[in-house]
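Architecture at a glance
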Amino acid sequence: MQLIDSHCHIDFPAFDPDRAAIMAACQQLGINRIVVPGVSADRFAEQLAVVQQFQGLSPAFGLHPCFLTKQLIPDLDCVRQYCIENDACAVGEIGLDFYSGRDNQALQMELFEAQLQLASELSLPVILHCRKAHNEILHALKKLNFSQRGVIHAFNANHQIAKRYVDFGFVLGIGGLVARSNTHKLRQSIRTVGLAHLVLETDAPDMTPPGLSRRNTPENIPVIAEHLANVLKLDFYTIANTTAENTEAVFSLT
Ligand SMILES: [Zn+2]
(Lines give C-alpha, C1' and ligand atoms only; values in the text may rest on other atoms or scores of the structure.)
Protein backbone atom coordinates (compact mmCIF):
# COMPACT_ATOMS: atom_id res chain seq x y z
CA MET A 1 0.00 0.00 0.00
CA GLN A 2 1.10 3.51 -0.79
CA LEU A 3 -0.12 6.89 0.45
CA ILE A 4 1.01 10.32 -0.76
CA ASP A 5 0.27 13.74 0.71
CA SER A 6 0.19 15.89 -2.43
CA HIS A 7 0.22 19.19 -0.49
CA CYS A 8 1.82 19.75 2.90
CA HIS A 9 3.83 22.67 4.28
CA ILE A 10 6.07 20.47 6.41
CA ASP A 11 8.74 23.20 6.22
CA PHE A 12 6.59 25.71 8.16
CA PRO A 13 7.82 26.75 11.63
CA ALA A 14 4.75 25.04 13.17
CA PHE A 15 6.65 21.77 12.64
CA ASP A 16 10.04 22.88 13.94
CA PRO A 17 9.63 21.21 17.35
CA ASP A 18 8.74 17.71 16.11
CA ARG A 19 9.28 17.44 12.34
CA ALA A 20 11.49 14.34 12.57
CA ALA A 21 8.93 12.54 14.74
CA ILE A 22 6.14 13.37 12.28
CA MET A 23 8.20 12.12 9.34
CA ALA A 24 8.92 8.87 11.20
CA ALA A 25 5.21 8.45 12.01
CA CYS A 26 4.35 9.00 8.33
CA GLN A 27 6.70 6.19 7.33
CA GLN A 28 4.91 3.89 9.80
CA LEU A 29 1.54 4.83 8.28
CA GLY A 30 2.72 4.11 4.72
CA ILE A 31 2.89 7.78 3.71
CA ASN A 32 6.09 7.52 1.72
CA ARG A 33 5.98 10.77 -0.20
CA ILE A 34 4.96 14.36 0.55
CA VAL A 35 4.88 17.22 -1.95
CA VAL A 36 6.03 20.46 -0.30
CA PRO A 37 4.79 23.59 -2.13
CA GLY A 38 6.53 26.94 -1.80
CA VAL A 39 4.75 30.15 -0.84
CA SER A 40 7.23 33.03 -1.06
CA ALA A 41 10.79 33.56 -2.24
CA ASP A 42 12.04 34.58 1.21
CA ARG A 43 11.15 31.08 2.48
CA PHE A 44 12.65 28.98 -0.35
CA ALA A 45 16.05 28.46 1.31
CA GLU A 46 14.50 27.19 4.52
CA GLN A 47 11.99 25.07 2.59
CA LEU A 48 14.80 23.50 0.58
CA ALA A 49 16.82 22.77 3.72
CA VAL A 50 13.88 20.79 5.16
CA VAL A 51 13.25 18.96 1.86
CA GLN A 52 16.91 17.90 1.74
CA GLN A 53 16.87 16.73 5.35
CA PHE A 54 14.32 13.93 4.89
CA GLN A 55 13.59 11.18 2.38
CA GLY A 56 10.41 11.30 0.36
CA LEU A 57 9.92 15.07 0.20
CA SER A 58 9.40 16.60 -3.26
CA PRO A 59 9.58 20.38 -3.52
CA ALA A 60 7.63 22.83 -5.65
CA PHE A 61 8.42 26.53 -5.74
CA GLY A 62 6.00 29.36 -6.38
CA LEU A 63 4.60 32.68 -5.18
CA HIS A 64 1.33 32.24 -3.25
CA PRO A 65 -1.32 34.97 -3.75
CA CYS A 66 -1.90 35.29 0.02
CA PHE A 67 1.74 36.26 0.52
CA LEU A 68 1.47 38.92 -2.15
CA THR A 69 2.59 41.85 -0.01
CA LYS A 70 6.01 40.23 0.01
CA GLN A 71 6.05 39.07 -3.62
CA LEU A 72 7.78 41.03 -6.31
CA ILE A 73 7.95 40.36 -10.01
CA PRO A 74 11.78 39.94 -9.71
CA ASP A 75 11.01 37.06 -7.33
CA LEU A 76 9.97 35.15 -10.44
CA ASP A 77 13.65 34.77 -11.30
CA CYS A 78 14.08 33.18 -7.90
CA VAL A 79 11.22 30.74 -8.60
CA ARG A 80 12.82 29.83 -11.94
CA GLN A 81 16.25 29.31 -10.37
CA TYR A 82 14.97 27.16 -7.47
CA CYS A 83 12.83 25.04 -9.80
CA ILE A 84 15.70 24.38 -12.20
CA GLU A 85 18.41 23.76 -9.61
CA ASN A 86 16.41 21.57 -7.24
CA ASP A 87 14.47 19.22 -9.49
CA ALA A 88 11.13 20.80 -8.57
CA CYS A 89 8.07 18.66 -9.30
CA ALA A 90 5.85 21.70 -9.98
CA VAL A 91 5.50 25.47 -9.94
CA GLY A 92 3.37 26.18 -6.87
CA GLU A 93 1.55 27.11 -5.05
CA ILE A 94 0.21 29.82 -7.29
CA GLY A 95 -3.22 31.17 -8.06
CA LEU A 96 -5.83 33.74 -7.08
CA ASP A 97 -7.32 34.48 -3.67
CA PHE A 98 -10.17 36.96 -4.11
CA TYR A 99 -11.44 36.20 -0.60
CA SER A 100 -8.54 37.63 1.34
CA GLY A 101 -7.16 40.01 -1.30
CA ARG A 102 -9.96 41.91 -2.98
CA ASP A 103 -7.96 45.10 -3.41
CA ASN A 104 -5.03 43.63 -5.34
CA GLN A 105 -6.73 41.44 -7.93
CA ALA A 106 -4.87 42.92 -10.89
CA LEU A 107 -1.51 42.31 -9.25
CA GLN A 108 -2.52 38.76 -8.31
CA MET A 109 -3.53 38.10 -11.90
CA GLU A 110 -0.27 39.48 -13.27
CA LEU A 111 1.78 37.28 -10.97
CA PHE A 112 -0.41 34.24 -11.65
CA GLU A 113 -0.19 34.51 -15.43
CA ALA A 114 3.56 35.08 -15.27
CA GLN A 115 3.94 31.88 -13.23
CA LEU A 116 1.74 29.88 -15.60
CA GLN A 117 4.05 31.02 -18.39
CA LEU A 118 7.06 30.04 -16.30
CA ALA A 119 5.59 26.56 -15.76
CA SER A 120 5.11 26.21 -19.53
CA GLU A 121 8.68 27.37 -20.14
CA LEU A 122 10.03 24.81 -17.62
CA SER A 123 7.59 22.05 -18.73
CA LEU A 124 6.34 21.70 -15.15
CA PRO A 125 2.80 21.21 -13.82
CA VAL A 126 1.30 23.72 -11.38
CA ILE A 127 -0.25 23.58 -7.91
CA LEU A 128 -3.21 25.97 -7.90
CA HIS A 129 -4.64 27.84 -4.93
CA CYS A 130 -8.08 29.31 -5.58
CA ARG A 131 -10.61 31.16 -3.46
CA LYS A 132 -13.58 32.88 -5.06
CA ALA A 133 -11.84 32.93 -8.45
CA HIS A 134 -12.47 29.68 -10.36
CA ASN A 135 -13.82 31.47 -13.42
CA GLU A 136 -10.83 33.81 -13.52
CA ILE A 137 -8.37 30.92 -13.11
CA LEU A 138 -10.03 28.80 -15.80
CA HIS A 139 -10.10 31.83 -18.08
CA ALA A 140 -6.34 32.37 -17.59
CA LEU A 141 -5.60 28.67 -18.31
CA LYS A 142 -7.55 28.96 -21.53
CA LYS A 143 -6.14 32.33 -22.54
CA LEU A 144 -2.56 31.08 -22.13
CA ASN A 145 -3.38 27.73 -23.73
CA PHE A 146 -1.89 26.08 -20.64
CA SER A 147 -1.17 22.41 -21.23
CA GLN A 148 1.15 21.38 -18.38
CA ARG A 149 -1.61 20.02 -16.10
CA GLY A 150 -1.48 20.17 -12.31
CA VAL A 151 -3.52 20.03 -9.12
CA ILE A 152 -6.36 22.35 -8.11
CA HIS A 153 -5.68 22.18 -4.41
CA ALA A 154 -8.23 22.08 -1.54
CA PHE A 155 -10.99 21.70 -4.09
CA ASN A 156 -14.45 22.66 -2.82
CA ALA A 157 -16.55 23.76 -5.78
CA ASN A 158 -19.41 22.29 -7.79
CA HIS A 159 -19.23 19.48 -10.32
CA GLN A 160 -19.43 21.76 -13.37
CA ILE A 161 -16.28 23.56 -12.24
CA ALA A 162 -14.65 20.24 -11.35
CA LYS A 163 -15.32 18.98 -14.85
CA ARG A 164 -13.76 22.08 -16.43
CA TYR A 165 -10.50 21.52 -14.51
CA VAL A 166 -10.46 17.84 -15.47
CA ASP A 167 -10.93 18.86 -19.12
CA PHE A 168 -7.72 20.89 -18.72
CA GLY A 169 -5.94 17.75 -17.47
CA PHE A 170 -6.04 18.79 -13.82
CA VAL A 171 -6.68 16.57 -10.82
CA LEU A 172 -8.58 17.72 -7.74
CA GLY A 173 -6.76 17.92 -4.37
CA ILE A 174 -9.05 16.38 -1.73
CA GLY A 175 -8.30 17.30 1.88
CA GLY A 176 -9.94 17.69 5.28
CA LEU A 177 -13.08 19.30 3.82
CA VAL A 178 -14.31 15.89 2.66
CA ALA A 179 -14.60 14.87 6.31
CA ARG A 180 -17.22 17.54 6.97
CA SER A 181 -20.87 16.54 6.90
CA ASN A 182 -22.19 19.63 5.08
CA THR A 183 -20.21 19.25 1.87
CA HIS A 184 -22.83 17.91 -0.51
CA LYS A 185 -21.40 19.99 -3.38
CA LEU A 186 -17.89 18.61 -2.90
CA ARG A 187 -19.12 15.02 -2.66
CA GLN A 188 -21.05 15.45 -5.90
CA SER A 189 -17.91 16.82 -7.59
CA ILE A 190 -15.88 13.85 -6.33
CA ARG A 191 -18.43 11.36 -7.68
CA THR A 192 -18.68 13.23 -10.99
CA VAL A 193 -14.96 13.23 -11.83
CA GLY A 194 -14.18 9.85 -10.22
CA LEU A 195 -11.08 8.44 -8.56
CA ALA A 196 -8.94 8.74 -11.71
CA HIS A 197 -8.86 12.53 -11.24
CA LEU A 198 -8.30 12.82 -7.47
CA VAL A 199 -5.26 13.16 -5.19
CA LEU A 200 -5.06 13.33 -1.39
CA GLU A 201 -3.70 16.29 0.55
CA THR A 202 -3.65 17.68 4.09
CA ASP A 203 -2.47 21.28 3.50
CA ALA A 204 -0.94 20.87 6.98
CA PRO A 205 -0.49 22.73 9.28
CA ASP A 206 -3.84 24.24 8.12
CA MET A 207 -7.20 22.57 7.38
CA THR A 208 -7.41 20.05 10.24
CA PRO A 209 -10.17 17.48 9.55
CA PRO A 210 -13.11 17.87 11.99
CA GLY A 211 -12.91 15.91 15.22
CA LEU A 212 -9.15 16.20 15.37
CA SER A 213 -8.43 19.10 17.64
CA ARG A 214 -4.69 19.32 17.32
CA ARG A 215 -2.65 21.00 14.60
CA ASN A 216 -3.08 19.34 11.18
CA THR A 217 -0.20 17.05 10.16
CA PRO A 218 0.46 14.76 7.18
CA GLU A 219 -0.33 11.85 9.52
CA ASN A 220 -4.01 12.66 8.81
CA ILE A 221 -3.78 11.43 5.20
CA PRO A 222 -5.27 7.99 6.09
CA VAL A 223 -8.26 9.75 7.74
CA ILE A 224 -8.90 11.69 4.53
CA ALA A 225 -8.49 8.50 2.47
CA GLU A 226 -11.11 6.77 4.63
CA HIS A 227 -13.61 9.59 4.14
CA LEU A 228 -12.98 9.52 0.39
CA ALA A 229 -13.49 5.74 0.42
CA ASN A 230 -16.90 6.30 2.03
CA VAL A 231 -17.91 8.92 -0.54
CA LEU A 232 -16.89 6.75 -3.49
CA LYS A 233 -17.93 3.44 -1.88
CA LEU A 234 -14.51 1.96 -2.60
CA ASP A 235 -12.07 0.24 -0.26
CA PHE A 236 -9.30 2.11 1.53
CA TYR A 237 -6.47 0.39 -0.37
CA THR A 238 -7.89 1.28 -3.76
CA ILE A 239 -8.17 4.91 -2.66
CA ALA A 240 -4.63 4.92 -1.22
CA ASN A 241 -2.91 3.29 -4.18
CA THR A 242 -4.84 5.01 -6.97
CA THR A 243 -4.47 8.52 -5.51
CA ALA A 244 -0.76 7.82 -5.01
CA GLU A 245 -0.44 6.76 -8.66
CA ASN A 246 -2.38 9.85 -9.75
CA THR A 247 -0.02 12.06 -7.74
CA GLU A 248 3.05 10.38 -9.22
CA ALA A 249 1.64 10.81 -12.70
CA VAL A 250 0.74 14.51 -12.45
CA PHE A 251 4.09 15.45 -10.86
CA SER A 252 6.19 12.89 -12.83
CA LEU A 253 7.49 11.45 -9.54
CA THR A 254 9.52 8.25 -9.69
ZN1 LIG B 1 -0.89 25.30 0.77
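Look above for the structure.
Notes on the structure in this doc start here.

Thresholds, definitions, all that
All residue numbers refer to position in the chain's written sequence, counted from 1. Per-residue local features of the predicted model are confined to residues with pLDDT of at least 70, and side-chain atom pairs are confined, for both listing and counting, to 80 or more; whole-chain, interface and lining totals are unaffected and use all residues. Calculated side-chain values reflect all of the structure's heavy atoms, with hydrogen atoms and water omitted. Every helix listed is a DSSP run of H or I at least four residues long, and every strand listed is a run of E at least two residues long, numbered separately from the N terminus. Atoms considered for the radius of gyration are the C-alpha atoms alone. The globule rule reads 2.2 Å times the number of residues to the power 0.38. Each residue is assigned to one of three classes by its accessible area relative to the maximum for its type, calculated with a 1.4 Å probe on protein chains only: buried under 20%, partly exposed between the two thresholds, exposed over 50%. Two residues qualify as a contact provided that any one of their heavy atoms is within 4.5 Å of a heavy atom in the partner residue. Accessibility throughout is a Shrake-Rupley quantity obtained with a 1.4 Å probe, and a residue counts as covered only by protein chains that appear here. Charge assignment: positive for Lys and Arg, negative for Asp and Glu; neither His nor the chain ends contribute. Working definition for charges: the position is that of NZ of Lys, CZ of Arg, CG of Asp or CD of Glu. Whenever a carboxyl oxygen of Asp or Glu lies within 4 Å of a side-chain nitrogen of Lys or Arg, that contact is scored as a salt bridge. Ring pairs shown here join Phe, Tyr and Trp side chains whose ring centres sit within 6.5 Å, with only the six-membered ring taken for Trp; geometry is labelled stacked below 30 degrees between planes, edge-to-face above 60, and tilted in between. Note on handedness: a crossover is taken as right-handed if, strands pointing away from the viewer, the path from the first strand over the helix to the second is clockwise. Each metal's donors comprise the N, O and S atoms found within 2.8 Å of it (within 3.2 Å for Na, K or Ca). Water is not part of the atom list, so some coordination spheres may appear incomplete.

**A few points about the overall build of the chain**
A count of helices and strands for the chain gives nine helices and eight strands. A globule of 254 residues ought to have a C-alpha radius of gyration of about 18 Å, and the chain, at 17 Å, matches this closely. Principal-axis analysis of the C-alpha atoms gives the chain an extent of 45 × 40 × 35 Å. When the 254 residues of the chain are sorted by exposure, 57% land in the buried category. A separation threshold of at least 6 residues defines the contact pool for the chain, and within that pool the share at least 24 residues apart is 70%. For the chain, the computed accessible surface area is about 10,900 Å², with 48% contributed by carbon and sulfur atoms. Of the side-chain charges in the chain, 20 are positive and 26 negative, and the distance between the mean point of each set is 9 Å.

**With respect to the pattern of salt bridges**
One pass over the full model with this rule turns up nine salt bridges. One salt-bridge network, held together by shared partners, links Asp 11, Arg 43 and Glu 46.

**Section: the packing of aromatic side chains**
Tallying each qualifying case throughout the model produces seven aromatic pairs. On the basis of an interplanar angle of 40° and a centroid distance of 6.4 Å, the ring pair of Phe 146 and Phe 170 is categorised as tilted. Of this pair, Phe 146 sits in the loop between α5 (134–143) and β6 (150–152) while Phe 170 sits in strand β7 (residues 170–174); the two residues are 24 residues apart in sequence, bridging distant segments of the chain. Considered together, Phe 146 and Phe 170 belong to a single accessibility category, that of buried residues. Taking the centre distance of 6.2 Å and the plane angle of 65° together, the rings of Tyr 165 and Phe 170 count as edge-to-face. Residue Tyr 165 shares its accessibility class with Phe 170, and that shared class is buried.

**Considerations on the pairing of strand β2 (residues 31–36)**
On a regular strand, one side chain projects to one face of the sheet and the next to the other, so that they alternate. With five of six residues buried, β2 lies mostly within the body of the structure. Tracing the backbone out of strand β1 (residues 3–5), into helix α1 (residues 19–29) and back to the parallel element β2 gives a crossover that is right-handed.

**Focus on the coordination of the zinc ion**
Distances from the zinc ion to its protein donors, His 7 (NE2), His 9 (NE2), Glu 93 (OE) and Asp 203 (OD), fall at 2.0 to 2.6 Å. Owing to a relative accessible area of 3%, His 9 belongs among the buried residues under this scheme.

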